[in-house]
Amino acid sequence: MVYFFVDFGQNTQSFTEKEEWMALQIKVDSLRSVKYDQKPKVYTFNPNFISDQKGYKLGMSVEEIDRLLSFRKQNKYVNSAEEFQEVTKVSDSLLKAISPFFKFPDWISNKSNFKSEKKEYPQKTDFKKEKIKVLDLNQATQEDLIKIYGIGEALSSRILKQKEILGCFVSMEQLNEIWGLSPEVLVELNSHFKTVVPSDLRKIAVNDASLKELAQFSYFKYALAKQIVTYRSMNGNFENIEDLSKIKGFPVEKAKIISLYLEF
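Thresholds applied
Residues numbered from 1 in each chain as written. Predicted model: local features only at pLDDT ≥ 70, side-chain atom pairs only at ≥ 80, totals over all residues. Heavy atoms only, no water. Phe/Tyr/Trp six-rings, centres within 6.5 Å; stacked < 30°, edge-to-face > 60°. Helix = DSSP H or I, 4+ residues; strand = E, 2+ residues; numbered from the N terminus. Buried < 20%, exposed > 50% of the residue type's maximum accessible area, 1.4 Å probe, protein only. Contact = heavy atoms within 4.5 Å. 1 Å grid on protein atoms, 1.4 Å probe; cavity = no way out; pocket = protein on both sides within 12 Å on 5 of 7 lines; lining within 4 Å. Points joined across faces, edges and corners; volume = space filled by probe spheres on them. Nonpolar A, V, L, I, M, F, W, Y, C, P; charged D, E, K, R; others polar. pLDDT = per-residue confidence, 0-100. Core = buried A, V, L, I, M, F, W, Y, C linked by side-chain atoms within 4.5 Å. Lys, Arg positive; Asp, Glu negative; His and termini not counted. Salt bridge = Lys/Arg side-chain N within 4 Å of Asp/Glu carboxyl O. Polar contact = N/O pair within 3.5 Å; in protein donor to acceptor, adjacent residues only side chain to side chain.

Under an unreviewed UniProt entry, the chain has the name ComEA family DNA-binding protein and belongs to Flavobacterium branchiicola.

Okay, here's the thing in structure tokens:
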């Protein structure tokens, strides 16, 4: 009776399913170990444009990153791994690990080749170099900007949009704030354009402007504008940009440019 009424195939079926599940689990564990063993791929990059996050991932300290950023604020660029170490003071071991991924512009890395080419193909004596015509950046049209090598419709529109927001450019250094302009393009722009501050530039009367007017200024955030109004009401008028730069959060590195948009 036991033989006829008891299902002896149930244990066999359960055992088979367990074997299949175990095999699948082993395969999953194997794939997972391969995934964790893989190292993240590092792409080549120009070390002049290392951000705080990028520098941290590369193993740089806060001080080393700050040295590079301070160097770049002077509108200067490192052109070799040696110069990068000289500016940032990174250790030899870190430089050895990250320098293979440095990618500098072709005209820098192939500088010796360019020199040799000049020797092999000297310029003709009757060749006259065309004189560059320097234009006022504030009067430049999109067609004028597109003539610069490396600038298309997108970048030219971005430059004109920034000029519209500011009212006008007061310094060529302000082009460094526009995203997408490479160092080579910035050199070309500085060769072909200059900034002429228009006489009718509407300046902000910092001692009379409302909180809303100050907050709408591109170089001020709402929090800074609020502090300016509070400080002004408690201490009186600002005499010059030096007084204004004492406010906490004021972008001191841009004080010279900001002062050209204000009147005291």
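Novice: Which residues make up the packing of aromatic side chains, and what are the values?
Specialist: One pass over the full model with this rule turns up seven aromatic pairs. Relative to Phe102, the ring of Phe84 lies with its centre 4.9 Å away and its plane at 65°, an arrangement referred to as edge-to-face. In this pair, Phe84 is assigned in helix H5 (residues 81-88) and Phe102 in the loop between helix H6 (92-98) and helix H7 (106-109), connecting sequence segments 18 residues apart. Judged by relative accessible area, Phe84 falls into the buried class, the value being 0%. According to the relative accessible area criterion, Phe102 is buried, its value standing at 10%.

Novice: Describe the environment of Gln216, listing the residues and the values that go with them.
Specialist: With respect to the element layout, Gln216 can be found in the loop between helix H12 (211-215) and helix H13 (222-235). The class of Gln216 is exposed, set by a relative accessible area of 59%. Sequence separation of Gln216 and Ile165 is 51 residues, and the distance between their C-alpha atoms is 9.7 Å.

Novice: Describe the environment of Val90, and please don't skip the residues or the numbers.
Specialist: Within the element layout of this structure, Val90 appears in the loop between H5 and H6. According to the relative accessible area criterion, Val90 is buried, its value standing at 4%. Along the primary structure Val90 and Met60 are separated by 30 residues, whereas in three dimensions their C-alpha atoms are 7.3 Å apart. Excluding its chain neighbours within four sequence positions, the residues that come into contact with Val90 are Met60, Glu64, Phe84, Gln85 and Leu95.

Novice: Tell me what's going on with the layout of surface pockets, and back it up with residues and numbers.
Specialist: Put simply, the largest pocket is a space of about 760 Å³. In terms of lining residues, the largest pocket is bounded by 25 residues, among which Arg72, Lys73, Glu173, Asn176 and Glu177 are the most central. Elements with a contribution of two residues or more to the lining of the largest pocket: helix H4 (62-73) and helix H15 (255-259). In terms of residue class, the lining of the largest pocket is built from 12 nonpolar, six polar and seven charged. There is about 340 Å³ of room inside the second largest pocket. Lining of the second largest pocket is provided by 14 residues; of these, Arg202, Lys203, Ile204, Glu213 and Phe217 occupy positions nearest its centre. Among the elements of the structure, helix H10 (153-166) and strand S3 (204-205) are those that each provide at least two residues to the lining of the second largest pocket. Among the residues forming the lining of the second largest pocket, the class breakdown is eight nonpolar, three polar and three charged.

Novice: Can you break down the confidence of the model for the chain residue by residue, with the values?
Specialist: Taken residue by residue, the chain gives an average pLDDT of 82. The fraction at 70 or more is 78%. When pLDDT is averaged over each helix and strand of the chain, the minimum, 50, is found for helix H8 (residues 111-120) and the maximum, 96, for strand S2 (residues 193-194). Note on residues 125-129: pLDDT under 50 across the span, and zero contacts to partners over four residues away in sequence or across chains.

Novice: How would you explain the nonpolar core if you had to name every residue and give the values?
Specialist: Residues Ile159, Leu175, Leu181, Leu189, Phe220, Ile228 and Leu244 are the most contacted members of the largest nonpolar core, which totals 41 residues. Among the secondary structure elements, those contributing two or more residues to this core are H10, helix H11 (183-192), H13, helix H14 (241-244) and H15. Not counting residues up to four positions away in its chain, the partners in contact with Leu181 are Leu155, Ile159, Leu175, Leu186 and Leu189. If you look at the next biggest cluster of nonpolar residues, it comprises 17 residues, including Leu58, Ala81, Val87 and Phe104.

Novice: Describe in detail the side chain of Arg232, supporting the description with residues and values.
Specialist: Here Arg232 shows up in helix H13. Buried within the structure, Arg232 lacks any salt-bridge partner; Asp208 is the closest side chain of opposite charge, at an N-O distance of 6.2 Å. Within the structure, Arg232 has its side chain in polar contact with the backbone oxygen of Val206 (distance 2.7 Å).

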